Amino acid sequence: MKYLIYTFLTFLSLNSLANETISKNNYVGYQACTECHQEEVKQWLTSQHNQAMQHATQVTVLGDFNQATFDNYGLITTFYIKNANNKSQYWVKTDGPDGQLQDYEIKYTFGIYPLQQYLIEFPGGRLQALDIAWDSRTKKQGGQRWYHLHPDEKIESDDILHWTGQNLNWNYMCAFCHSTNLEKNYQSETDSYQTSWSEINVSCEACHGPASNHIQWAALNKNDKTTSTTIHDSPLFNNMGLSNILNERKNIQWIIDPISKQPQRSQSKDSQHEIETCARCHSRRSQIGHDSIDQPLMNSFRPARLTSGLYYSDGQIRDEVYVYGSFVQSKMHQAGVTCSDCHDPHSATLKLPGDLVCNQCHMPETYRTETHHFHKTDVTCLDCHMPTTTYMGVDDRHDHSFRIPRPDLSDKILSSKTDIPNACNKCHTVNTPQWADNRITEWTEKSSKKAQNTGLQQFAPALFAHQNQLAGAELLLYKLIMDKNQPVISRATALAELGSYPDQTSVKILQTQLNDPDPAIRLAALEALVTFDDKFKMALAFPKIYDDVRSVRIEAARILSTFPEEKIPQQARKQLNDAKQEYIDAQLFNAERPESQTNLGNYYFDLKQFKKSETAYRQALKLQSQYIPAYLGLAQLLSQTGRESESGAILKKGLSIIPDNPELHHALGLSYIRQKETALALIELQAAALNAKNNIRYQYVYAIALSSAGQIEEALQILKETLEQFPDNIQILIALTTTNRDAGKNQEALYYAKKLIVIMPDNQDLKQLIRDLSN
């Protein structure tokens, strides 16, 4: 009935559209879709998208609220029910922001399987996600229990991971991806939210966009075929009135080549639109402004790259990264596979269970055989090509990079620095990566294959070499960046790291890559420019203030912010100022976060607007007293504006809250050096070095400080220990060479100089030094 009334009223208004301005496309709710799309709505009603967020009721709450208790490091949380006005209310008694037990009403459920979380209202429009969740798996699977999301540590009320804090705030951390047409609406003036949605869950218009124009189009076509041509041809009805057309798979088939037995797409794919629609939520990314679903992903978001905290060096998932960054590494992505090839977009389930979904394209007579997987017992495609990592305690998520198992990487390239996983040893836990690598080699030799297939992803050595500052890392990065066969995300990751190598070769590469058609490449190139000379920044970044993609445009503006206006061509000043304002707006969009306030502090510092910079840094610390980059930024500002004692004081304050933080110890040590307090400086630099053994810079600076203080042997010992850990590090080798030389230890200096010349064979100064030391 609601749909018929809506259609009738829409139809009555159609004739008035011809001579009016085109109306805004509005959200109408899933009920308006039901009459024409009954099957799709029926499937959606069963989906986790439909159950992404719900009001807490007897139907939606899965957890045990029958006076159930949960003991976490001695803190007893109680879950119970109150009955009011013939309605059950769900309550929890647990520790609040002051650490004391308090009673809270559960307002919403969050998620459904394999866990369900619960949202609680706080003042200022905040919703907070309780960090005790309900394991909704079956008892046989270990579920039907309360459990803590951080079981290995006691989370005190002042911890950044406490459920009442910023990092479990629904409005910023969760809301966008669990509701439709979510507007966060943070109000800086009152430090409060006025968050709104059109539907509480992930409904039709979350993916298809607002549908009021589509409803009008449907009414026009259904009820009046003779309506004015002016109306029918109106831009209102382009693409059937839909703002987001998801038709990349229309009339597409996957055809099996009769000779190679490999699947081939019936038409090439030249659009990323479907994947970018899904990526808005199924990715690790930051949001930089209001999103419009019909716009490119990077207009509103900055997807994460393959950085060491999020991914292993070979691109396997490490932290919680939500699929997109893995999938775009894959051969399947390069071949044109989209999300909906495997997943039904309405039920949000696999189109077929288990390996059957793979067998849509990969014929079982070829792939479900021992000649393919080399196992006597049956193994699944997922076991080898989509291994799982467990997140949130119970949620096993598949790696979507679809890679060939590489135990050789675990064994030969990376084993000395990190325990990179591989699919073989996920099952063969008692065996070593070397054993697994040997088995694959044996199988390859016995089969008809000419060589072992190591897969598409060949970027691990380059990323690992850079992350560990190995000799030759720069050349490996260059090679990866220029290899168009490698995934864009890996090339962008390498490109962003060229800031560590600001030489002429890097400049030439950045110049080329800034014209790449992919915005991820252009953005990475701009980020690398930060460490380069101003003349290169101006020449390379300036054209990008006109870029079509907002993420790229505002990064260019940030880089150019240090240039005085008189150096900017007159005709370009408005464009640059507009882009600068876009950058500021992007930070203010997330003004409740210390990261954004620190970004503003850095931005205003570069502009020499020190009062604004200081205000932003202090706001960041007010928002989160444990946020280390804000301490470092504020300390730098205070130091450079002649307030060195205040700089040291702010670092000491940070250390009183985070006592063992190496970054703060290191910065305080440098502050003491500037204050000529050598003894105090050595104490802080030593603390930094001891608390970050893998940080080469901290070891190097501490050793140089020891040497400058006359403690030569202690300095040499630190450098030698660091070299044992990082045998090819140029900076440490140079320090060992010069420190030994200055101490009169020519033979020792010559020993390290000869190691250096192997890495830097064309360095004329080094050759001369070797000659001098040899004499």
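Everything discussed here concerns the structure shown above.
Note that residues are indexed from 1 along each chain, following the sequence as it is written. Residue-level local features of this predicted model are given only where pLDDT is at least 70; pairs of side-chain atoms are given and counted only at 80 or more, and the full residue set underlies all totals for whole chains, interfaces and linings. The side-chain values count all of the structure's non-hydrogen atoms but skip hydrogen atoms and water molecules.

Draft legend 1. Spatial organisation of the nonpolar core. If you look at the biggest cluster of nonpolar residues, it comprises 62 residues, and the most contacted ones within it are Leu 495, Leu 498, Leu 510, Leu 526, Leu 529 and Leu 560. Strands are runs of DSSP state E lasting at least 2 residues, helices are runs of H or I lasting at least 4, and numbering of each runs from the N terminus. Examining the composition of this core, we find that six residues originate from one element, helix H22 (residues 519-528), more than from any other. Pairs of residues are marked as contacts when any of their non-hydrogen atoms sit within 4.5 Å. Ignoring any residue separated from it by four or fewer positions in sequence, one finds Leu 529 in contact with Leu 510, Leu 514, Phe 536, Lys 537, Leu 540, Ala 541 and Ile 559. Definition used in this section: a nonpolar core is a set of buried Ala, Val, Leu, Ile, Met, Phe, Trp, Tyr and Cys residues joined via side-chain atoms within 4.5 Å. Buried means the residue's accessible area, taken with a 1.4 Å probe over protein chains only, is under 20% of the maximum for its type, while exposed means over 50%, and partly exposed covers the values in between. In this structure, Leu 723, Ala 735, Leu 736 and Leu 773 belong to the second largest nonpolar core, which totals 28 residues.

Draft legend 2. View of the side chain of Ser 330. Locating Ser 330 in the fold gives a position in the loop between helix H8 (324-327) and helix H9 (331-335). Look past the residues within four positions of Ser 330 in its chain and what remains in contact with it is His 400, Ser 401, Phe 402, Leu 456 and Gln 457.

Draft legend 3. Local environment of the layout of surface pockets. One number sums up the size of the second largest pocket: a volume of about 980 Å³. Cavities and pockets are defined on a 1 Å grid built over the protein atoms alone: a cavity is a set of grid points where a 1.4 Å probe fits but cannot escape, while a pocket is an open set with protein on both sides within 12 Å along at least five of seven lines, and lining residues are those with an atom within 4 Å of any such point. Every residue lining the second largest pocket is counted, 38 residues in all, and those nearest its centre are His 466, Asn 468, Gln 469, Leu 470 and Tyr 501. For the lining of the second largest pocket, the secondary structure elements donating two or more residues are helix H18 (460-467), helix H19 (473-482) and helix H34 (730-742). The element that contributes the greatest number of residues to the lining of the second largest pocket is H19, accounting for four residues. Grid points are joined across faces, edges and corners, and a volume is the space filled by probe spheres set on the points.

Draft legend 4. Representation of the pairing of strand S2 (residues 68-72) in the model. Only one face of S2 is buried, namely the one carrying Ala 68, Phe 70 and Asn 72, since none of Thr 69 and Asp 71 on the opposite face is buried. A pair of strands is treated as paired once DSSP finds two or more bridges between them. As judged from the five bridges shared by S2 and strand S3 (residues 75-84), these two strands associate in the antiparallel manner. Bridging across to S3, Ala 68 finds its partner in Phe 79. Linking S2 to S3, which pair antiparallel, is a turn of two residues; within it Tyr 73 sits at a positive phi near 50°.

Draft legend 5. Highlighting the pattern of salt bridges. Criterion for a salt bridge: a side-chain nitrogen of Lys or Arg within 4 Å of a carboxyl oxygen of Asp or Glu. If you walk through the whole model with that rule in mind, you get 32 salt bridges. Here Lys 107 ties to Glu 105 by a salt bridge, and the two come within 3.6 Å at their closest N and O atoms. Assessed through its relative accessible area of 23%, Glu 105 is described here as partly exposed. For Arg 522, the salt bridge is made with Asp 547, and the minimal N-O distance between the two is 2.8 Å. Taken together, the residues Arg 522 in helix H22 and Asp 547 in the loop between helix H23 (534-541) and helix H24 (550-560) connect sequence positions 25 residues apart. Note on accessibility: Arg 522 and Asp 547 belong to one class, buried. Residues participating in the shared-partner salt-bridge network are Arg 302, Arg 305, Glu 527, Glu 555 and Arg 558.

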